[in-house]
There are 2 protein chains.
Amino acid sequence: MKYCPSCAHTLAIRIPEGDSLPRYVCEACGEIHYRNPRLVVGCVPVWEGRILLCRRAIEPRYGYWTTPAGFLENDETCEEGAARETEEEARARVEVGSPLAMMDVVHARQVHLMYRARMLDASHEAGPESLETALVDPDAIPWEELAFPSIRFSLEAWLKDRESGREDFHVSHVRRRGW
Amino acid sequence: MKYCPSCAHTLAIRIPEGDSLPRYVCEACGEIHYRNPRLVVGCVPVWEGRILLCRRAIEPRYGYWTTPAGFLENDETCEEGAARETEEEARARVEVGSPLAMMDVVHARQVHLMYRARMLDASHEAGPESLETALVDPDAIPWEELAFPSIRFSLEAWLKDRESGREDFHVSHVRRRGW
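Values in this document were obtained by computation on a predicted structure and should not be read as measured data.

Asker: Which parts of the structure should I look at to understand the environment of Arg 55 of chain B?
Answerer: Residues and elements named next belong to chain B. One can find Arg 55 in strand β5 (residues 50-56). Classification of Arg 55 by C-beta neighbours within 10 Å gives partly exposed; the count is 19. Expressed as a C-alpha distance, the spacing of Arg 55 and Ala 140, which sit 85 residues apart in the sequence, is 15 Å. Filtering out sequence-adjacent residues up to four positions away, Arg 55 remains in contact with Gly 63, Trp 65, Ser 130, Leu 131 and Glu 132.

Rendered as structure tokens:
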């Protein structure tokens, strides 16, 4: 971020009065441009005991498996975002349930929030961001080929709940790239 | 947003190839500038059965009561953000517990996430964004003078859990300004 999105003047980086952190500040128009973490929303879609996974057709982690997930857009709820991403990435229609897992991905400036979800029918297909989609038996989850720690965490949470018979909300965080 | 933060060229609004929503796009440098909802994190700090509230010294809702909460910053977890806001707004030190309540505030393009929290000692004091702070008996919560629906929702969730003896994660959303 170099130029003011409001007036195109060169931005300074300084701590505004009454604040405690350095911000992008426009000395011409006075505007402060905050940068904050973004929310990634997704779900674990299930059909007859099997889990819907997508193999990524985009970077990062091209070729690795993920549950449907992506950035929350303006003007939608997190649940709506999770359903939208499922439609976009796996061409599947879901009823989104309760929150399953949240992971702070601090180094990426993201918070990943995953829901339980019930597929409304068995149909699924790769959207433009997926190489393929698959309904996977929980015993056959490709743990070594998962795209991100938050996907592993969500699937582990889902398995724990199946074991316990409860619907807990599981939280964790990661501060560094890698596993 | 009028000018490209990277090169200062005038921005266009159009749907990029492979995307489905209009974005701010720079036709000069090619960069796409996404706008996404922001996370507000906070907590319900408790000391000996009483809840710590702050009366806002800033707009919006100047003079109304809130629990400590504010925008999640880069490079911190949601729990750390909730503790930081409590220190900033109420000069209180807390141990942040489990997630209590989440509300999608769709019209404001925010998601509010509130945690349970235990005050480490009884001390509290108005920070620069508060007019005053108070430890309030749950029976004396000023329901008519709360700042935001998410604050009401979090306090109602806290009371429900006290009733049930459980620690549930409560979710809701609001699409329009007002109650």
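There is more to say after this.
Asker: Please clarify how unusual backbone geometry should be interpreted in this entry.
Answerer: Phi is mostly negative for residues that are not glycine, and the peptide bonds are mostly trans. Cis geometry marks the peptide bond from Glu 59 of chain A to Pro 60 of chain A, where omega comes out at -5 degrees. Within the fold, Pro 60 of chain A resides in the loop between β5 (50-56) and β6 (65-66). In the Ramachandran plot, Asp 75 of chain A falls in the positive-phi region, its phi being about 70 degrees despite a non-glycine side chain. Looking at where Asp 75 of chain A falls in the secondary structure, it is placed in the loop between β7 (69-71) and α1 (78-90). In this structure Asp 75 of chain A comes out as exposed when scored by C-beta crowding, with 11 C-beta atoms within 10 Å. The backbone of Glu 48 of chain B sits at a positive phi, close to 50 degrees, despite the residue not being glycine.

Parameters and conventions
Residues numbered from 1 in each chain as written. Chains lettered and ligands numbered in written order. Predicted model: local features only at pLDDT ≥ 70, side-chain atom pairs only at ≥ 80, totals over all residues. Helix = DSSP H or I, 4+ residues; strand = E, 2+ residues; numbered from the N terminus. Buried ≥ 20, exposed ≤ 12 C-beta atoms within 10 Å, placed from the backbone. Contact = placed C-beta atoms within 7 Å.

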